[in-house]
Amino acid sequence: MAEFDYLVVGAGLYGATFAREAADMNKKVLVIDRRDHIAGNVYTEKVEGINVHKYGAHIFHTNIKQVWDYVNRFAVFNRFTNSPVANYKGELYSLPFNMYTFNKMWGVVTPEEAAAKIEEQKKEALSELAAERGVSVDEFEPENLEEQAISLIGTDIYEKLIKGYTEKQWGRPCTELPSFIIKRLPVRYTFDNNYFNALYQGIPIGGYTGMVENMLKGIEVRLGVDYLENKDELDKLADKVIYTGPIDAYFGYKLGTLEYRSVRFENETLDKPSFQGNAAVNYTDAETPWTRIIEHKWFEFGKDEEGNDLPKTVISREYSSEWKPGDEPYYPVNDEKNGVLYAEYKKLADAEEKVIFGGRLGEYKYYDMDAVIYSALQMTDRVL
């Protein structure tokens with residue numbers, strides 16, 4: 001008889017949620033992770049009293065009350081609201097696109113004026129695009145991301161706030177990106193700077209690592225353990241495996257490699273109380289090499305746990321890059337080619353009787369944090 005009921009591969013949000021639920025149902029669980037820390041990509045570490053988001057900014061937001069109640073069992077969340085700023089060659093704009101953005105862009109003051117300006121720009125752009133294609137405006141269908149964005153928002157906002165940022169993120173021109181990447185562009189004719197339309201939003205006070213520590217309380221965790229390198233011996237330890245690593249790696253890439261976008265971070269500690277006065281500033285011109293700068297202290301309002309102002313600050317410049325084996329995979333490239341390849345891997349995964357594949361890498365799916373937790377809770381409902 002195996003020593004454990006479940007071996008959970010990966011101590012990120014999916015693995016921690018499954019492990020917690022299984023342990024609460026008196027199952028014996030072992031959690032392993034190849035990294036030297038828990039919490040996966042939401043891991044935060046203290047630098048100069050600041051909880052630094054080691055693998056990029058993570059702002060928890062959800063409309064699912066079950067998930068919000070669940071995470072609040074393990075942490076107290078603050079009232080942080082994501083209100084990023086766009087920097088285009090020194091011009092600062094509010095994101096998402098709202099009345100502050102339109103006022104700065106065109107000097108318009110009322111929602112009616114803003115809507116009229118956007119409509120005018122869309123019509124003008126659509127007429128030109130349709131004429132180039134030799135079709136009527138009614139017949140015109142966007143064939144790439146650039147055409148899609150212009151048809152939704154017009155040229156000014158596209159040129160200043162979408163084009164450069166998107167091309168840096170994806171590493172290719174907008175004319176070569178599929179139109180479905182931007183299905184819609186949120187346009188708000190209000191002065192609301194809240195980026196997310198979510199009922200619940202915030203950051204766990206003290207960072208995500210503490211939250212995941214609480215989720216894994218009383219559960220055996222072994223760090224620095226590479227599952228795929230020790231698969232045979234580790235498989236013997238448990239009746240079932242919850243695998244949250246890359247699905248193609250599990251099968252030795254035998255059908256080919258799924259593609260990801262990766263992110264590189266340059267971190268800097270500065271001996272000053274503030275660098276940019278906001279948690280996130282996106283650099284939307286093509287010339288600036290980084291996509292955005294995160295200033296971590298503002299996720300917790302520049303204060304330590306006792307409410308004191310922090311004298312220093314930590315910033316992270318983010319650079320988007322093509323993924324290559326050995327890099328940290330961040331975003332699945334959800335195009336047709338990768339979708340077809342994933343479907344083939346999914347067939348292999350479904351045939352593995354002892355293994356459940358879950359999470360962003362196990363399911364090759366872009367998941368927000370709340371969706372990862374919800375998916376793990378649904379899985380526990382099915383199998384526990």
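It should be noted that the structure appears before, not after, this text.
All of the points below concern the structure found in this document. (Residues numbered from 1 in each chain as written. Predicted model: local features only at pLDDT ≥ 70, side-chain atom pairs only at ≥ 80, totals over all residues. Heavy atoms only, no water.)

A short note on the overall build of the protein
Okay, so step 1: Counting its regular elements, the protein contains 12 helices and 16 strands.
Okay, so step 2: Judged by the C-alpha coordinates and their principal axes, the protein covers about 70 × 55 × 35 Å.
Okay, so step 3: Among the 384 residues that make up the protein, the fraction classed as buried is 52%.
Okay, so step 4: Accessible area of the protein: about 18300 Å², with a carbon and sulfur share of 48%.
Okay, so step 5: Computed over 45 positive and 63 negative side-chain charges, the separation of the two mean positions in the protein equals 3 Å. (Helix = DSSP H or I, 4+ residues; strand = E, 2+ residues; numbered from the N terminus. Buried < 20%, exposed > 50% of the residue type's maximum accessible area, 1.4 Å probe, protein only. Areas by Shrake-Rupley, 256 points an atom, 1.4 Å probe, with all protein chains shown as cover. Lys, Arg positive; Asp, Glu negative; His and termini not counted. Charge placed at Lys NZ, Arg CZ, Asp CG, Glu CD.)

Structural notes on the packing of helix H3 (residues 99-106) against helix H4 (residues 111-133)
Okay, so step 1: Contact geometry of H3 with H4 gives a least axis separation of 10 Å together with a crossing angle of 65°. For the element pair H3 / H4, the angle class is roughly perpendicular. The way H3 lies across H4 gives a crossing that is left-handed. Between H3, through Met-99, Phe-102 and Trp-106, and H4, the contact on the second element is made entirely by Pro-111, Ala-114, Lys-117, Ile-118 and Gln-121.
Okay, so step 2: For the contact of H3 with H4, the per-class residue count stands at 6 nonpolar, 1 polar and 1 charged. (Axes fitted to C-alpha atoms, helices over the stretch in contact; angles between N-to-C directions. Parallel < 35°, antiparallel > 145°, perpendicular 65-115°, else oblique. Left-handed = near helix turned anticlockwise from the far one by under 90°. Contact = heavy atoms within 4.5 Å. Nonpolar A, V, L, I, M, F, W, Y, C, P; charged D, E, K, R; others polar.)

Concerning unusual backbone geometry
Okay, so step 1: The step from Leu-95 to Pro-96 runs through a cis peptide bond, and the omega angle for that step is -5°.
Okay, so step 2: For Pro-96, the position within the fold is in the loop between strand S7 (91-94) and H3.
Okay, so step 3: Located in the positive-phi region is Ala-39, a residue other than glycine, with phi close to 85°.
Okay, so step 4: In this structure, Ala-39 sits in the loop between strand S2 (29-33) and strand S3 (44-47).
Okay, so step 5: Of the residues examined, Ala-39 reaches a relative accessible area of 1% and is grouped as buried.

Quick notes on the pattern of salt bridges
Okay, so step 1: With the rule as written, the count across this model stands at 26 salt bridges.
Okay, so step 2: With its nearest N and O atoms 3.1 Å apart, the salt bridge here joins Glu-328 to Arg-34. With Glu-328 in the loop between strand S14 (313-322) and strand S15 (331-332) and Arg-34 in the loop between S2 and S3, the pair connects residues that are 294 residues apart, well separated along the chain.
Okay, so step 3: Since its relative accessible area comes to 23%, Glu-328 is described here as partly exposed.
Okay, so step 4: A salt bridge links Lys-160 to Glu-91; its shortest N-O distance comes to 3.0 Å. Note that Lys-160 is positioned in helix H6 (residues 155-170) and Glu-91 in strand S7, a separation of 69 residues in sequence. (Salt bridge = Lys/Arg side-chain N within 4 Å of Asp/Glu carboxyl O.)

Digging into H6
Okay, so step 1: The sharpest bend along H6 comes to roughly 45°, located at Ile-162.
Okay, so step 2: When we look at burial in H6, the residues that qualify are Ile-157, Tyr-158, Leu-161, Ile-162, Gly-164, Tyr-165, Thr-166, Lys-168 and Trp-170.
Okay, so step 3: Just downstream of H6 lies Gly-171, where phi reads positive at about 70°. (Bend = angle between axes of the 7 residues up to and from the residue.)

With respect to the sheet that holds strand S16 (residues 355-357)
Okay, so step 1: The strand order S9-S2-S1-S10-S16 describes an open sheet built from 5 strands, whose pairing is parallel. The sheet is open, and its two borders are formed by strand S9 (220-223) and S16, each paired with just one other strand. Averaged over all pairs of adjacent strands, the angle between their axes in this sheet comes to 20°, without regard to strand direction.
Okay, so step 2: Here strand S10 (residues 238-243) pairs with S16 via 3 bridges, running parallel. (Pairing = 2+ DSSP bridges.)

Comments concerning the sheet that holds strand S13 (residues 292-295)
Okay, so step 1: In spatial order, the strands read S7-S6-S12-S13-S14-S11-S15; together these 7 strands make up an open sheet with mixed pairing. Of all strands in the sheet, those bounded by a partner on one side alone are S7 and S15.
Okay, so step 2: Across 3 bridges, strand S12 (residues 280-283) lies against S13 in antiparallel orientation. Note on S13: the bridge partner recorded for Asn-282 is Arg-292.

Quick look at the pairing of S12
Okay, so step 1: The side-chain alternation of S12 yields two buried faces, one formed by Ala-280 and Asn-282 and the other by Val-281 and Tyr-283.
Okay, so step 2: In this sheet, S12 lies alongside strand S6 (residues 85-88) in parallel orientation, the contact comprising 3 bridges. Looking at S12, one finds that Asn-87 is bridged to Tyr-283.

Structural notes on helix H7 (residues 208-215)
Okay, so step 1: Of all the residues in H7, the buried ones are Tyr-208, Thr-209, Met-211, Val-212 and Met-215. Looking straight down H7, one finds that the buried residues subtend no more than 160° of arc, so they occupy a single side. (Arc of directions from axis to C-beta.)

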